[in-house]
Amino acid sequence: MPESTPKAEKKSYKDTLNLPRTSFAMKANLIQNEPASLRRWDQMDLYRRLREQRRGAPRYVFHDGPPYANGSIHLGHLLNKVLKDLVVRSRTMMGFDCPYIPGWDCHGLPIEHKVVQELGDKARSMHALQIRQRCQADAEKFVKLQRQQMQRLLTLADYENPYLTMDPAYEAAVLEVFADLLSKGLVYRAKKPVHWSIANRTALAEAELEYYDREDHSIYVLFEAADPPAVFERFSVSPPASGAKPYFMIWTTTPWTLPANLAIAVHEGFDYSLVRFAGDRFAVVASELTEKVMRQAGVSDWEKLGPPLPGARLLELTYRHPFVQSPQHPFRVLPAPYVTLEDGTGLVHTAPGHGVEDYQTGQKHHLPTYCPVQEDGTFDHTAPQWLQGVEVWKANDLVIDRLRSSGHLFHDHKFTHSYPHDWRSKTPVIFRATEQWFIGVDRPFTLPGGTTSAGATSGGSGGDQPTTLRQLALRVTEHDVQFFPAWGRNRMRGMLESRPDWCISRQRAWGLPIPAFYTAQGDTLLTPASVRAVADATRHHGSDYWFKATPQELLATYDAVRDPDIPDALGQKIEAHGLQSAGLHKSTDIFDVWWESGTSWFAVIHQRRQAPDNGQTDLYLEGSDQHRGWFQSSLLPALGYMGRSPFRAVLTHGFMVDKDGRKMSKSLGNTLEVEALLKEFGADVCRWWVNSLNTDNDIKADLEFFRLAGEEYRKVRNTIRFLLSNLYDFDPRPRSAGGYRHEFTAADAATLDAWALAELAQLVRETRSDYEHFRFRKLHEAVFNFCNHTLSAVYLAAIKDRLYCDPAGSPRRRRTQTALYQITDALLRLIAPILPHTADEAWQSLHGASPRDMARCVHLELFPQPVEVPTDPDWPAVIRDYRDSALQQIELVRTGQGIDNPLDCGLRVVIDSTNAYLRRFDPIDLSDLCGISWVKLEPPPPEPPEALKTSGRDRYEVVDLRSEPRCERSWKRDGTVKSRRDGGLLCHRCAQALGLT
RNA sequence: GGGCUCGUAGCUCAGUUGGUCAGAGCGCACCGCUGAUAACGGUGAGGUCGGAAGUUCGAAUCUUCCCGGGCCCA
């Protein structure tokens, strides 16, 4: 079947065009191609090559916070690691030497708990070393898994040499810092209540508790006021003639803790009433609970006396303990924020040795952490005689009987509630104060003056003025640390102001032992020198050595005789009879894992000499939960050690929530699996998504958002593809070197290409600055808009005609290609940190390199500098005002007159004073910007000028060109189209291009 | 319960010190192109700025309270 002639002719011209071509595929195929990129970078040893390249360059010290080596990485890791990678890659491309040493937190309860649970009953008969071995294997397994997953995210880090908190060298470093703080008097030992298993005589962690129902006593106890007139007086009630005394009524479900009662806590804001009941008895109870309490006790004869009193007015009233006779100090009423009106009486029995909240109240008001209960659950000799040697569970009844017979028991009933039990023995646990190690945040200490703290904090913390960790921390938070976002400072300050002393000891196996030794005589050996000796041993043998070696072996490099800090008696004994004579036994405590990760600035940055001169890092970047976590646990040891913050800046991000703003959790089933996301979208798309986020606050994540990111990615990819595809015949070298590069001068200022390059320079300026200030979202938007609007919609659409139809080597086409090349080159560098795979793939295509060409890699390049090209200052007005107005008018006319193709339109622009600037521009540029065949600029008709000025639209006159001949090559109807000698209908330009003129 | 923080078009977000700040992108609707084509372009419709009260000549923007999220504590 014969083809129609015109169609055949049209086809023939297609071959005469410079149509785009490229090897850069439209379809990214990230799932297959990203792993290939990973292998390529691995082969070229990209990370090390960059270190080489940046040797001697200014350092930017980023310090990676160690994730816990447990389980697969989740969305939070994806966010965190990609942000870190964006920082490190961008600083590197700014020219900094910016290493990225990834780390893992390896010790700690979650791993130990899992291991012990898997072992079941076997665990009980195993030595700590055996448990530790399994824990280590577990940690190693997950370090390996997570490392591989993080690499799959295309993050570029020193994965060959990560830091692990279980490495012997790391452990030794942790001990070094501990020794230093010890030398400054910041470490102390004191009692603190912990969950205690009587059956196993051990402290338990939260995760080792199981909650079962248990029947307990619920008792209401009357504590007699020590100063009855004061109570009546505060309630504005006259004391009764009978001389009856007022009582404070408390409620408890643990009668056995009453011997350790040291205070009563009230809420300052609640109302309290003085209640008369049972004829002539008086008790203080929270107003709101009075009726409930009386009803529960079956008391109907009662009344509130006087007006209610806020708790604040009860403070410092004193009382007599029902059966503890001679207190060192008076029993007082104290304020506590945790008092509620849910249960009880609104007055809370406070025993600092038997409850965490009680303990905190005790700390605040300088009460001793009194705990008369021994390891075996029996009362010691400090308890009333009738309780001594009695187990707490038996003591309950004794206490209740005692209270009843002395008239202090208001009411008693049994009830069932959920109560924590030891998950191994299944017996109920108690709160019991035990000896723990603390870092004192309010202990005055002196930093060595001179060099160590020179230039440290602006507040003048150096020198010999005593200060405290809390004061120092607040000072550097205020003055020395930059916070992104800025409110991080307030958050940090608030947390520092209210934080208690840091309990750094744990009673577990999987961790770094606290290197203390005890003697049967009650001496403790824990001095800077002894700790450093253990650090030496640990460095060589690892922390397992603590569990294998004797005290003598652990202290092999310790010279007790020369240790000024050793307790006198112990020192004398050792001096006389040697270390062995001291009868040392090893502590069974380990460090809180936060202490380990909190000294990473020393173990990683200092010891590996990562930071120049003063040892400060430039940035910590973590979730906002770390204001209390790692940022603080790093800040405090660093302040103690060197008197300055370990970081100059802190960048935090929010947490992942689902599309409805709810937190993500496995139990809610609203999580997304990182592995699945990578499999479906690829890392570049995931990274593009991260880069699009406002990370200051909560981050909504949903599969749909990843799809959208995929759409955006494809759009950008296509723009890049179009850029590349129009450079296939372009040699970027200067003409002098045989290339095609156009040198832009002032003569080009009014060209479209000059405008595009000016836009590029602006993008480069903004983007560089945004990278510098971590404004990733803003940068993302700028890049996206540049690709979509500036390039795809405006510039690339406009230059298509000249790229395709002009003679390949025409100056105009080469000029445009020069601009295209510069744009592509700069754009790929700018997006390289975001899309490492895609940018590199495109980079190879731009340079006609194969993936095996290890020298051609965008990640070895620097960010572009903004290149200023002379540009007409009215270009923005052309794009914004002229183009938009013209397109609107064209659209209006086309729909009104049924003109489908914009090329079937011409445009007369009547120039008046407001758009006079248009005269400076090439009419062909002006028409190409609108996709029409021609633009004619005309002066306004002589009359009536007023009418034209009042109607903006009248300035644009769209002309229907459908009756005019159409160039069969360029499809334009520009008025020059006529039959040429090859028989085709061509415009002048196309005829020239084909040599037909 | 406390500290910090967030709540602006269907979605994701911009909106310095209160007065053209009611915007962008996506999505959507309609249209075009078919020489970026499992692409590209154009036009357009969407919001009483979580709710209430207050300060002010004037508030998305300041104050108070309330509702609903998040992190960290308790």
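Structural data are supplied above this passage.
Residues numbered from 1 in each chain as written. Chains lettered and ligands numbered in written order. Predicted model: local features only at pLDDT ≥ 70, side-chain atom pairs only at ≥ 80, totals over all residues. Heavy atoms only, no water.

Notes on the overall build of chain A
Counted only if it meets this: Runs of H or I in DSSP of at least four residues are treated as helices and runs of E of at least two as strands, each being numbered from the N terminus. Using a 1.4 Å probe on the protein chains alone, a residue whose accessible area is under 20% of its type maximum counts as buried, one over 50% counts as exposed, and one in between counts as partly exposed. A contact between two residues is defined here by any heavy atoms of the two lying within 4.5 Å. Each accessible area value is a Shrake-Rupley result obtained with a 1.4 Å probe; residue values ignore everything except the protein chains displayed when judging cover. His is not counted here, nor are the chain ends, while Lys and Arg score as positive and Asp and Glu score as negative. Note on charges: their place is set at NZ of Lys, CZ of Arg, CG of Asp or CD of Glu.
Scanning chain A from terminus to terminus reveals 31 helices and 32 strands. Projected onto its principal axes, the C-alpha coordinates of chain A cover approximately 125 × 75 × 65 Å. Counting over 997 residues, chain A shows a buried share of 56%. Contacts in chain A between residues far apart in sequence, at least 24 positions, make up 77% of those at least 6 positions apart. As displayed, chain A has an accessible area near 42,100 Å², and 49% of this comes from carbon and sulfur atoms. Averaging the coordinates of the 119 positive side-chain charges in chain A and doing the same for the 125 negative ones gives two points 5 Å apart.

A closer look at the protein's contact with RNA strand B
The following threshold applies: By convention in these notes, a residue is near a molecule or strand provided one of its non-hydrogen atoms lies within 4 Å of it. For this analysis, a polar contact is any N or O atom pair within 3.5 Å, provided that within protein one partner can donate a hydrogen and the other can accept it, and provided that sequence-adjacent residues contribute only side-chain to side-chain pairs. Amino acids outside the nonpolar list (Ala, Val, Leu, Ile, Met, Phe, Trp, Tyr, Cys, Pro) and the charged list (Asp, Glu, Lys, Arg) are all regarded as polar, and Gly is one of them.
Residues in close proximity to RNA strand B total 47 residues, the closest being Gly661, Asn694, Asn697, Arg777 and Tyr804. Lys700 places a side-chain nitrogen or oxygen 3.0 Å from a phosphate oxygen of RNA strand B. If you list the elements that add at least two residues to the surface near RNA strand B, you get α10 (356-364), α13 (488-498), α23 (703-725), α25 (776-805) and α28 (875-897). By residue number, the principal contributor to the surface near RNA strand B is α25, which donates nine residues. Classifying every residue of the surface near RNA strand B by side-chain character gives 18 nonpolar, ten polar and 19 charged.

Structural notes on the environment of Val221
When you line up the elements, Val221 lands in strand β6 (residues 209-225). The spatial distance from the C-alpha of Val221 to the C-alpha of His408 is 5.7 Å, given a sequence separation of 187 residues. Among residues more than four places away in sequence, those in contact with Val221 are Phe248, Met249, Ile250, Leu258, Pro322, Leu403 and His408.

Some words on the packing of aromatic side chains
Applicable threshold: Planes of paired rings set the category: under 30 degrees apart is stacked, over 60 is edge-to-face and the rest tilted, where pairs are Phe, Tyr or Trp rings (Trp by its six-membered ring) whose centres lie within 6.5 Å.
In this structure the tally under the stated criterion is 38 aromatic pairs. When the centroid spacing of 5.2 Å and the interplanar angle of 25° are considered together, the rings of Phe223 and Tyr319 count as stacked. Taken together, the residues Phe223 in strand β6 and Tyr319 in strand β12 (residues 318-320) connect sequence positions 96 residues apart. On the basis of relative accessible area, Phe223 is assigned to the buried category, the value being 0%.

Some points on the nonpolar core
In a soluble, globular protein the nonpolar side chains are often hidden away together inside. Definition in use: Each nonpolar core is a collection of buried residues, namely Ala, Val, Leu, Ile, Met, Phe, Trp, Tyr and Cys, held together in the definition by side-chain atoms within 4.5 Å.
Membership of the largest hydrophobic core comes to 159 residues, with the highest contact counts inside it found for Trp689, Tyr795, Leu827 and Tyr882. It is α25 that provides the largest number of residues to this core, a total of 16 residues. Of all hydrophobic cores here, the second largest spans 74 residues; its members include Trp437, Val476, Tyr558 and Phe602.

With respect to the packing of helix α21 (residues 674-681) against helix α22 (residues 683-691)
For clarity, the threshold we go by: With axes taken as lines fitted to C-alpha atoms, and helix axes fitted only over the stretch in contact, angles between N-to-C directions fall between 0 and 180 degrees. For this classification, under 35 degrees means roughly parallel, over 145 means roughly antiparallel, 65 to 115 means roughly perpendicular, and everything else is oblique.
The contact between α21 and α22 brings their axes to 7 Å, and the two run at 110°. Considering their axes alone, α21 and α22 lie roughly perpendicular with respect to each other. From α21, Leu677, Leu678 and Phe681 reach across to α22, where they touch Ala683, Val685 and Cys686. A class-by-class count of the residues in the contact of α21 with α22 yields six nonpolar, no polar and no charged.

Section: helix α27 (residues 836-846)
Counting buried residues in α27 gives eleven out of eleven residues, a clear majority hidden from the surface. Of all the residues in α27, the buried ones are Pro836, His837, Thr838, Ala839, Asp840, Glu841, Ala842, Trp843, Gln844, Ser845 and Leu846. On its buried side, α27 packs onto α2 (30-44), α4 (75-93), α22, α23 and α26 (811-831). Gly848 occupies a position one or two residues after α27 and carries a positive phi of about 55°.

Here we look at the pattern of salt bridges
In plain terms, the rule: We define a salt bridge as a side-chain nitrogen of Lys or Arg found within 4 Å of a carboxyl oxygen belonging to Asp or Glu.
Scanning the entire structure with this criterion turns up 63 salt bridges. Two residues, Asp881 and Arg880, come together in a salt bridge whose shortest N-O distance is 3.6 Å. Owing to a relative accessible area of 35%, Asp881 belongs among the partly exposed residues under this scheme. Classification of Arg880 as exposed rests on a relative accessible area of 51%. When the shortest N-O distance is used, the salt bridge between Lys972 and Asp928 registers 2.9 Å. One end of the pair, Lys972, is in the loop between β30 (956-960) and β31 (978-979); the other, Asp928, is in helix α29 (residues 923-928), with 44 residues separating them in the sequence. Judged by its relative accessible area of 8%, Lys972 is buried. Of the residues examined, Asp928 reaches a relative accessible area of 6% and is grouped as buried.

Points about the side chain of Asp380
Structurally, the position occupied by Asp380 is in the loop between α10 and α11 (392-405). Buried charge Asp380 goes without a salt bridge, the closest partner of opposite sign being Lys191 at 6.2 Å. Residues contacting Asp380, with those up to four places away along its chain left out, are Cys371, Pro372, Gln374 and Gln388.

A short note on the sheet that holds strand β20 (residues 517-518)
This is how it is decided: In this description, strands pair whenever DSSP reports at least two bridges between them.
Spatial strand order, β21-β20-β22: three strands in an open sheet with antiparallel pairing. With one partner strand each, in any of the chains shown, β21 (524-525) and β22 (585-586) form the two edges of the open sheet. Where β20 and β21 come together, two bridges link them in antiparallel fashion. Within β21, the position partnered with Tyr518 by the bridge is Thr524.

Topic: the sheet that holds strand β25 (residues 647-653)
One open sheet holds the four strands; their spatial order is β1-β24-β25-β17, and the pairing between them is parallel. With partners counted over all chains shown, the strands left at the sheet margins are β1 (62-63) and β17 (482-484), one partner each. Here three bridges tie β17 to β25, and the two strands are oriented parallel to one another. For Phe483, the partnering residue across the bridge sits in β25 and is Val650.

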